[in-house]
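Examining the three-dimensional arrangement
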Amino acid sequence: MEILGLYDKNGLYLNESIERKNKTTIQNGRYYKVVMVFIINSKGQILVQKSSERKGNIFEILGGHVKDKRSSRQTVIDELNEELSLKCHPDEITFFKKYIYDDTKDKYIQEVFYITKDIDERCLKCDESEVSFVKWLYLEQINRLIDNGDFREKNIKPYYEFIRYLKEAKQ
């Protein structure tokens, strides 16, 4: 049983929680959190994972739900370790942006981070219940996945905004 913390729209913990399976029943004004972490290497490639069949069999950026009483940054560290057996220090993680999704079905805050790191993808050990494989891809390759409908929809807006941020940072 996975327990998620609940937050207000500013991301402040409300000292309340909910079972993950009940997350679509959250009352107005309350949100759970998810994290997403872009890993970018010195060649400008982004590490993309293909989710397991159980998780939709789709390309996506690594991420996960923030468990009750865990920080978003600690969740990034946990997810990297759990899904890829990748160790990461908190200082390597940079906050990028926060998105709030508030519709009738789902109410959550998505906090997006990034890490700049060269990693040999062959050394990563994927949790097969979550991830089929990982691969470094250039932006054009990811754009093709998006155009073909093979990329997780909730990752697309953060992806495009992150790419815009990287291009502006180079100027």
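These lines cover the structure that appears in this document, whether it is placed above or below. Note that the structure is a prediction, hence the values are computed from the model and not measured.

Rules of the game
Here the residue index of a chain counts from 1 through its sequence in written order. In keeping with the predicted nature of the model, local features appear solely for residues at pLDDT of at least 70, side-chain atom pairs appear and are counted solely at 80 or more, and the whole-chain, interface and lining totals rest on all residues. Values reported for side chains reflect all heavy atoms of the structure, with hydrogen atoms and water molecules removed beforehand. For two strands to be treated as a pair, DSSP must find at least two bridges joining them. Runs of H or I in DSSP of at least four residues are treated as helices and runs of E of at least two as strands, each being numbered from the N terminus. Put simply, a salt bridge is a Lys or Arg side-chain nitrogen that is within 4 Å of an Asp or Glu carboxyl oxygen. Note on classification: 1.4 Å probe, protein chains only; a residue is buried when its accessible area is under 20% of the maximum for its type, exposed when over 50%, partly exposed between these limits. Cysteine sulfur atoms that pair up within 2.5 Å are treated as a disulfide. Among the buried residues, those of types Ala, Val, Leu, Ile, Met, Phe, Trp, Tyr and Cys that are joined through side-chain atoms within 4.5 Å form a nonpolar core. We call two residues in contact when some of their heavy atoms are within 4.5 Å.

Examining the pairing of strand β2 (residues 13–19)
Examined bridge by bridge, strand β1 (residues 3–7) and β2 share four bridges and lie antiparallel to one another. Looking at the pairing, I3 lines up with E19 of β2. Connecting the antiparallel pair β1 and β2 is a turn made up of five residues, with G11 showing a positive phi of about 85°.

Thoughts on the pattern of salt bridges
Two side chains bearing opposite charge may form a pair once their charged atoms approach each other closely. Under the criterion given, the structure shown has 14 salt bridges. The closest approach of N and O atoms between D68 and K69, which form a salt bridge, is 3.6 Å. K69 sits in the exposed class, given a relative accessible area of 64%. The residue E92 makes a salt bridge to K117 at a minimum N-O spacing of 2.9 Å. Taken together, the positions of E92 in the loop between α1 (72–84) and β7 (94–102) and K117 in the loop between β8 (107–116) and β9 (131–137) put the pair 25 residues apart, joining distant regions of the chain. On the basis of relative accessible area, K117 is assigned to the partly exposed category, the value being 22%. Among the charged side chains, a salt-bridge network with shared partners connects R54, K55 and E130.

Things to note about the state of the cysteines
Here the structure, examined in full by the defined rule, presents zero disulfides. No disulfide involves C123; its nearest neighbouring cysteine sulfur is the one of C126, lying 12 Å away. With relative accessibility at 56%, the residue C123 sits in the exposed group. Take C126: its relative accessible area is 22%, and that puts it in the partly exposed class.

Quick word on the nonpolar core
Core analysis: the biggest nonpolar cluster contains 28 residues, and F38, I46, V48, I142, F151 and Y159 have the highest contact counts within it. For this core, the elements supplying multiple residues, two or more each, are β1, β3 (32–40), β4 (46–51), β7, β8, α2 (139–147) and α3 (153–170). In this structure, F38 is in contact with I46, I61, V112, F113, Y114, I115, P158, Y159 and F162, ignoring residues within four places of it in sequence. Membership of the second largest hydrophobic core comes to 23 residues, among which are L80, C88, I119 and W136.

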